[in-house]
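A structural walkthrough
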Amino acid sequence: QVQVVESGGGLVQPGGSLRLSCAASGSIFSIGTMSWYRQALGKERELVASITRDGRTSAADSVKGRFTISRDNAKNTVSLQMNSLKPEDTAVYYCNAQTVVRMTMTVVSLWGQGTLVTVSS
């Protein structure tokens, strides 16, 4: 089956850094835009950053200058380098991949299970 799996979450002190990774696998024909979302306790899910297949990136104003998204098309992975972390960055981070599933040749939006990032002293 097709899936995406996140890794790299954990506990970090304010000002610290974490690097999240997400790997897509399965019978995937192609992957378009890959994104990181997050959902803090009691809040709605929000888009953190996204990157197109050709490398064009965008990021939420709240993380610009601190977070960097990147991808490796050969490995079907996307990463989020998170620097200068703040307590308000605490959330479950989800990976999303816009994919074309090989079997049906249809677009499917794949979501990972989420990885928890906690920024606290």
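Attention here is on the structure that accompanies the text. Remember, predicted model here, so these are calculated numbers, not experimental data.

So, about the state of the cysteines. Inspection of the entire model under this criterion finds 1 disulfide. Residue Cys22 pairs covalently with Cys95 via a disulfide, S to S 2.0 Å. Looking along the S-S bond of the Cys22-Cys95 disulfide, the torsion reads about -80°, which is the left-handed sense. Note that Cys22 is positioned in strand S3 (residues 18-25) and Cys95 in strand S9 (residues 91-101), a separation of 73 residues in sequence. In terms of burial, Cys22 and Cys95 fall into one category: buried.

Turning next to the side chain of Thr115. Summarising the element assignment, Thr115 is placed in strand S11 (residues 115-119). Only 3.2 Å separates the side chain of Thr115 from the backbone nitrogen of Gly9, close enough to count as a polar contact. Those residues in contact with Thr115 that lie beyond four places of it in its chain are Glu6, Ser7, Gly8, Gly9, Leu20, Ala91, Val92 and Tyr93.

So, how was this worked out
- Residues numbered from 1 in each chain as written.
- Predicted model: local features only at pLDDT ≥ 70, side-chain atom pairs only at ≥ 80, totals over all residues.
- Heavy atoms only, no water.
- Disulfide = S-S within 2.5 Å.
- Helix = DSSP H or I, 4+ residues; strand = E, 2+ residues; numbered from the N terminus.
- Buried < 20%, exposed > 50% of the residue type's maximum accessible area, 1.4 Å probe, protein only.
- Polar contact = N/O pair within 3.5 Å; in protein donor to acceptor, adjacent residues only side chain to side chain.
- Contact = heavy atoms within 4.5 Å.

Worth remembering: the numbers are spatial, not functional.
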